[in-house]
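Residue-level structure breakdown
What follows is the residue order along each chain.
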Amino acid sequence: MTTIDVVIPTVGRSCLGRLLASIERERVHERGRVIVVDDRPGKTALELPAWATRVVGRCAGPAAARNRGWSASDADWIAFLDDDTELTPAWLDQLESDIGDLPATVAASQGRIMVPRPTGRKPTDAERAVIGLETARYASADICYRRSVLELVGGFDERFPRAYREDSDIALRVLDAGFDIVQGRRATLHRLADDPARSALRRQAGNRDDVLMAALHGRGWRERCGAPRGRLRRHLLTSAAAAAVPVAVVAGRRTLAGVLGAVWLAGTAELAWARIAPGPRTRREVTGLLATSLALPPLAVGQYARGLLELPRRLHPRPDAVLLDRDGTLVVDVPHNGDPREVRPMPGAQEAVARLRRAGVPTAVVTNQSGIARGFTTADQVAAVNRRVEQLFGPLGPWFVCPHGDEDGCDCRKPEPGMLLTAARSLGADPARTAMIGDTGADMEAARRAGLRGVLVPTAVTLADEVANASEVASDLPAAVDRLLGAAAT
Ligand SMILES: [Mg+2]
């Protein structure tokens, strides 16, 4: 029989109780496990019914929490629910019929989100944002994925730290992998939020995630996941006009200052009216929306700019460990060198390694020494050279030396991935979060095959082909370390 587990990430909001009560009423817990990922920073025990499984999250947002949850499950299907939802009657029966006969090419079934409207008045601006969930595609408030597909695409992308766009991102990756996502018939209730002023301002942080979405999925990402075009361009115009007013005043251009001021006022008024007009227009809401409409454009533009600035670091987060090639990367390449007196560091290499050390990034050295197999040097001579390298650089972490030649068919000689995998493991690092810096195509090929991030630092002997084929190239070791440590490097 098909198995279904439910995964609910939560920061312990009181609404979780309503969801759990509806799960008990629908007897979902009798059908499969209900895994609650406790993502609160303080870890006093979250009160849960005895039938729920508590998994502790790492407080890195709902994407990371959902990954914790589904990784703890071995069911065929994972039904993700947000903690501010509530199941409607017969939800489980309908879920079973939603996924019952789906062909293997369908990766997920989306639940219908229903937002109860306020009675006797129109919904406020903040409430309309929640109502938008009813038409949002791929919303994780209720979506049921095949676990095999989650494994295939590596789950949710944890570079999305907010409850924003992480659901669209995984959906686009699943579609890219050739699967479909279909609409199911089951329905889930989603409550209206309150605290309107704060949520509109807080939502602007999502502009940073939009920058990441564009970088990951290209320009057409909004159309593909049904995300409405935002107001960023208008916000930019309004903010630029506001910022230019004092400049025009100082320059004595009073007419220009007047025009700019009018553009700013018109932009702000248009935004405020667009938010006020469809709502209940109570004095309280109108006051709040006027104030936040002044702040929204510059806040949105600021968050977007921040998204652009942090993009390189988000695309390539700092690695957990760095593997270093020896010859041509740390030290000048003297072919088959057996003489410690011949060891000369590459320019800037010692300082670059010191920066990795200060940043707390563990390192290891992975070096091919086929001179041993071919009789040009002895293992002892290589060890003496390595000791000299450490005298000059300080501790470089564990050393891995491949003494074999091409003919030996070992799995450690780069471009084979074996030595890199062993090195990453010895540092306790996930290969996917480990980087390799080297000066040849063999270093990069070994990195690729071991699932590491490779950064090529070409020297005069690096082939043009090797440079062209490298996924990342830095001019030298200091530049490669800059790149790996990101903008925050010191
Ligand atoms: Mg080398």
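Look up a bit, the structure's there.
Residues numbered from 1 in each chain as written. Predicted model: local features only at pLDDT ≥ 70, side-chain atom pairs only at ≥ 80, totals over all residues. Heavy atoms only, no water.

Octahedral metals with six donors have ideal donor angles of 90 or 180 degrees. Tetrahedral metals with four donors have an ideal donor angle of 109.5 degrees. Every protein donor of the magnesium ion is listed here as Asp325 (OD), Asp327 (O) and Asp439 (OD), and their distances to the metal cover 2.1 to 2.2 Å. Here the donor residues of the magnesium ion are spaced in sequence according to D-x1-D-x111-D. Linking Asp325 in the loop between strand S9 (321–324) and helix H13 (349–358) with Asp439 in the loop between strand S12 (434–438) and helix H17 (441–450), this pair joins segments that are 114 residues apart in sequence. When sorted by exposure, Asp325 lands in the same class as Asp439, which is buried. (Donors = N, O, S within 2.8 Å, 3.2 Å for Na, K, Ca; no water. Helix = DSSP H or I, 4+ residues; strand = E, 2+ residues; numbered from the N terminus. Buried < 20%, exposed > 50% of the residue type's maximum accessible area, 1.4 Å probe, protein only.)

Per the stated rule, a full pass over the model turns up 43 salt bridges. Among the salt bridges present, the one from Arg31 reaches Glu96, with a minimum N-O distance of 2.1 Å. Taken as a pair, Arg31 in the loop between helix H1 (15–25) and strand S2 (34–38) and Glu96 in helix H3 (residues 91–100) lie far apart in primary sequence, 65 residues in all. According to the relative accessible area criterion, Glu96 is partly exposed, its value standing at 27%. (Salt bridge = Lys/Arg side-chain N within 4 Å of Asp/Glu carboxyl O.)

Phe80, Tyr145, Leu150, Ile170, Val174 and Ile181 are the most contacted members of the largest nonpolar core, which totals 32 residues. A total of four residues in this core trace back to one element, the largest contributor, which is helix H6 (residues 166–176). Core analysis: the next-biggest nonpolar cluster, separate from the first, contains 26 residues, Val343, Met346, Ala435 and Val457 among them. (Core = buried A, V, L, I, M, F, W, Y, C linked by side-chain atoms within 4.5 Å.)

One open sheet accounts for eight strands, arranged S3-S2-S1-S4-S7-S6-S8-S5; its pairing is mixed. The two strands at the open ends of the sheet, each matched to only one other strand, are strand S3 (52–56) and strand S5 (85–87). Across the sheet, the axes of successive neighbouring strands diverge by a mean angle of 30°, strand direction being ignored. Summarising the sheet, S2 and S3 pair through five bridges and their orientation is parallel. (Pairing = 2+ DSSP bridges. Axes fitted to C-alpha atoms, helices over the stretch in contact; angles between N-to-C directions.)

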